[in-house]
Amino acid sequence: MLLLRLLPLAFLVIWHVQNATAISDGDRDFQNQILTGYNSKIRPVKAETTVTQVTVFLNIAHVEKVDEAEQTALVHGHLWASWTDEYLQWDRAKTNVTKITLPSHRIWQPALALYNSARGNTWHLYMAGMPATVYFNGKVWSSGTFSFFVTCQFDFENWPFDKQNCPIVIADWVYGLAQVNLSDPNMISEYAKPSIRLSYDPLERKNKRHVGGWEVMDAWKKHCYWGPKGCKEDQPEGEPDWYWSLLEFGIVLKRHLPYFQMTVMIPIFITSILVLLGFWIEKCALSCFIIFFNLALQTIYGYNMIKKLPPGSGTIPKVVQIFTLNLLITGTQFFIAIMFGFIKEWAPKNYSFNFGIDITDIPKRMGIDTFFQPKGLSFDPQDLFVDHDKIAAAEAGDDTSTIGIGNPLNDDEFDNFQNSATPSSISDTELLINLPTNSEPENVLDSEKAENSEEEPKKKTPEASKENQLDLQLLHIKRFLFFLVVFIYCVAFLMILFL
């Protein structure tokens, strides 16, 4: 029973094998007929003045070994080339054959070479690994795989947000423009640049773009004619033998390290905030401590950034320019803080700067005097939890909520005071005898305090105003420097973003 089931299957297999053998024998006879007298070393044109138009296509399959120090990259992919062979044409109506496959090494191929190869063993391009397809009108399609170790020219100006270009320059190193032109004028432009296919997974159907910390953004293709005067985009007039047709394919790589970008930009933002914070701290010691801490933080960050920086090539990275600017501002701020502390400590009494104009009056004229108030930032617990305004008002006698010598008692407080201090058993005579010797009538004390309160402002106000004038000038200078640094930061960031 099992044998009867296997007989039809064996019959089908034998029939397909015989049919395929018959077809292959027919193709082999036709191939031998077409290649009879064919010379693969001669350019396939019947007239020497005919220019062979060669079309080249690339597909990028993988990118690896992007070396920033050597400025090289290893690119893998597939290459297709197409041209017309006048010696491989036949009448389709007679032979009933539209196309055939021929061994690539038995037909003529353009002598393609990689001009920007970084290795000697990838100089010449051979498409002999797969058979070529030939149509009845002489159109030949040949393909192969490649691994190009190409040289790139990296520019790290926008590091770590940089984009790099890696060209793939291909030309025919045997024939000049008079014989071979690597540009088909009838080719559709959308198929001109290389295609990018980094993944062939039919299930996921995701367009893979990231390899080795880089994202393959795009590709391009350029064509020019290289000659004595360089590379020209338009076909030159005159002697075509002096020029070679040159194709430049290329890929655009973008650095893709999100965590690395955060570790570079966050320290710059923090140190910039600390720089601006230093102009709003009142006490010199605390201000110097914050600035010194900022300098130490920038030193550690700068050391780590230098280790991550790529080799120097071209312009200085913009991140390094921001870091240098921030470091210079912080160092200048530290010097100014020390100098201001020295002036406050050693300046003569009642000393003030003479700028020709009153700098303390400028904010009032500009309507920004709110930002120039003497009270700044402080991290002292006494300043955070003590209300200095209330203490000053109490010292000036304005706070009537505190019971003291200068504050009158109401009727209930006076009765309670009498009842608690004078028991009923004590007579008025004993109270008079026990009065303090320095006690005086209330009206005399009030009159003397009023006289003292009138004399104290006359003595302290002029002197205090002269002493505070220097502090106000230094305060205004610090606030003016704050706005200047903010302006410098804004200009620097705008120049970096848009230039």
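Conventions used here
Within each chain, residue numbers correspond to sequence positions counted from 1 in written order. Given that the model is predicted, a residue must reach a pLDDT of at least 70 before its local features are reported, and side-chain atom pairs must reach 80 or more before they are shown or counted; all residues, however, enter totals for whole chains, interfaces and linings. The side-chain quantities take in all heavy atoms of the structure and omit both hydrogens and water. What counts as a helix is a DSSP run of H or I of at least four residues, what counts as a strand is a run of E of at least two, and both are numbered from the N terminus. Three labels apply to residues, based on accessible area from a 1.4 Å probe with only protein chains included: buried if under 20% of the type maximum, exposed if over 50%, partly exposed otherwise in between. By definition, residues are in contact when any of their heavy atoms lie within 4.5 Å. Using a 1.4 Å probe, accessible areas were evaluated by the Shrake-Rupley method; residue-level cover was limited to the displayed protein chains. UniProt positions are given in the numbering used here, feature names are shortened, and annotations may be inferred rather than shown by experiment. Take the buried residues of types Ala, Val, Leu, Ile, Met, Phe, Trp, Tyr and Cys, join any two whose side-chain atoms come within 4.5 Å, and each joined set is a nonpolar core. The domain boundaries here were taken from an automatic or database domain assignment. Salt bridges are counted wherever a side-chain nitrogen of Lys or Arg sits within 4 Å of a carboxyl oxygen of Asp or Glu. DSSP-based pairing: two strands are paired if at least 2 bridges between them are found. Cysteine sulfur atoms are paired as a disulfide whenever they come within 2.5 Å of each other.

Participant: I'd love a proper account of the overall build of the protein, names of residues and values included.
Facilitator: For the protein, the helix and strand inventory stands at eleven helices and 14 strands. Counting the 499 residues in the protein, one finds 34% classified as buried. Taking all contacts inside the protein whose residues are at least 6 apart in sequence as the whole, residues at least 24 apart take part in 77%. Accessible area for the protein stands at about 32200 Å²; split by element, carbon and sulfur atoms hold 60% of it.

Participant: Would you mind going over the UniProt feature "transmembrane region" (unreviewed entry) in the protein in detail, with residue names and values included?
Facilitator: UniProt's feature table lists "transmembrane region" (unreviewed entry) at residues 259-277, 284-303, 323-343 and 480-498, given in the numbering used throughout. Between the end C-alpha atoms of residues 323-343 the distance is 30 Å, and the span holds 100% helix and 0% strand. Spanning residues 480-498, this segment combines 100% helix with 0% strand, and its end C-alpha atoms are found 27 Å apart.

Participant: Would you mind going over unusual backbone geometry in detail, with residue names and values included?
Facilitator: Here the bond from Trp159 into Pro160 is cis, since omega is 5°, no more than 30 degrees from zero. Inspection of the secondary structure assignment puts Pro160 in the loop between strand E7 (139-151) and strand E8 (163-172). The phi dihedral of Gln71 is positive, around 55°, even though this residue is not glycine. The exposure class assigned to Gln71 is buried, which follows from its relative accessible area of 16%. In this structure, Asn96 is a non-glycine residue whose phi angle is positive, near 60°. Along the chain, the position of Asn96 falls in the loop between helix H2 (92-95) and strand E4 (99-102). For Asn96, a relative accessible area of 70% translates into the label exposed.

Participant: Now, about the nonpolar core: what can you tell me, with residues and values included?
Facilitator: Ile60, Leu79, Leu88, Phe148, Ile168 and Ile170 are the most contacted members of the largest nonpolar core, which totals 61 residues. If one sorts the elements of this core by residue count, strand E3 (residues 72-84) sits on top with five residues. Residues from two domains meet in this core; each of domain 1 (33-256) and domain 2 (260-360 + 482-498) gives at least three. Discounting residues that sit within four places of it in the chain, Leu79 has contacts with Val56, Phe57, Leu58, Leu125, Met127, Ser142, Ser143, Gly144, Phe146, Phe148 and Ile170. Counting residues in each nonpolar core, the second largest holds eight residues, with Leu276, Phe279, Trp280 and Ile329 among its members.

Participant: Kindly report on the pattern of salt bridges, identifying the contributing residues and their values.
Facilitator: The tally for this structure, following the rule as stated, stands at five salt bridges. Its salt-bridge partner being Asp162, residue Arg255 comes within 2.7 Å of it at the nearest N-O pair. On the criterion of sequence distance, the pair formed by Arg255 in strand E14 (residues 244-255) and Asp162 in the loop between E7 and E8 is long-range, its members being 93 residues apart. Grouping residues by exposure puts Arg255 and Asp162 together as buried. Between Arg365 and Asp361 there is a salt bridge, and its shortest N-O distance comes to 2.9 Å. Judged by relative accessible area, which is 72%, Arg365 ranks as exposed. Through salt bridges with shared partners, a single ionic network connects Glu68, Asp162 and Arg255.

Participant: Quick one: what's the story with the sheet that holds E3, residue by residue and with numbers?
Facilitator: Read across the open sheet, the six strands follow the order E4-E6-E7-E3-E2-E10; overall the sheet is mixed. The sheet is open, and its two borders are formed by E4 and strand E10 (195-196), each paired with just one other strand. Across ten bridges, the pairing between strand E2 (residues 55-67) and E3 is antiparallel. Bridging across to E3, Asn59 finds its partner in His78.

Participant: Can you explain the state of the cysteines? Please cite residues and give values.
Facilitator: Inspection of every chain in the model, using the stated rule, returns two disulfides. Disulfide pairing is shown between Cys152 and Cys166; the S-S distance is 2.1 Å. With the S-S bond torsion at 110°, the cross-link from Cys152 to Cys166 turns out right-handed. Residue Cys152 is found in the loop between E7 and E8, and its partner Cys166 is found in strand E8; the two are separated by 14 residues along the sequence. When its relative accessible area of 9% is taken as the criterion, Cys152 is described as buried. Under the relative-accessibility criterion, Cys166 is labelled buried at 1%. Across the disulfide, Cys224 is cross-linked to Cys231 (sulfur-sulfur distance 1.7 Å).

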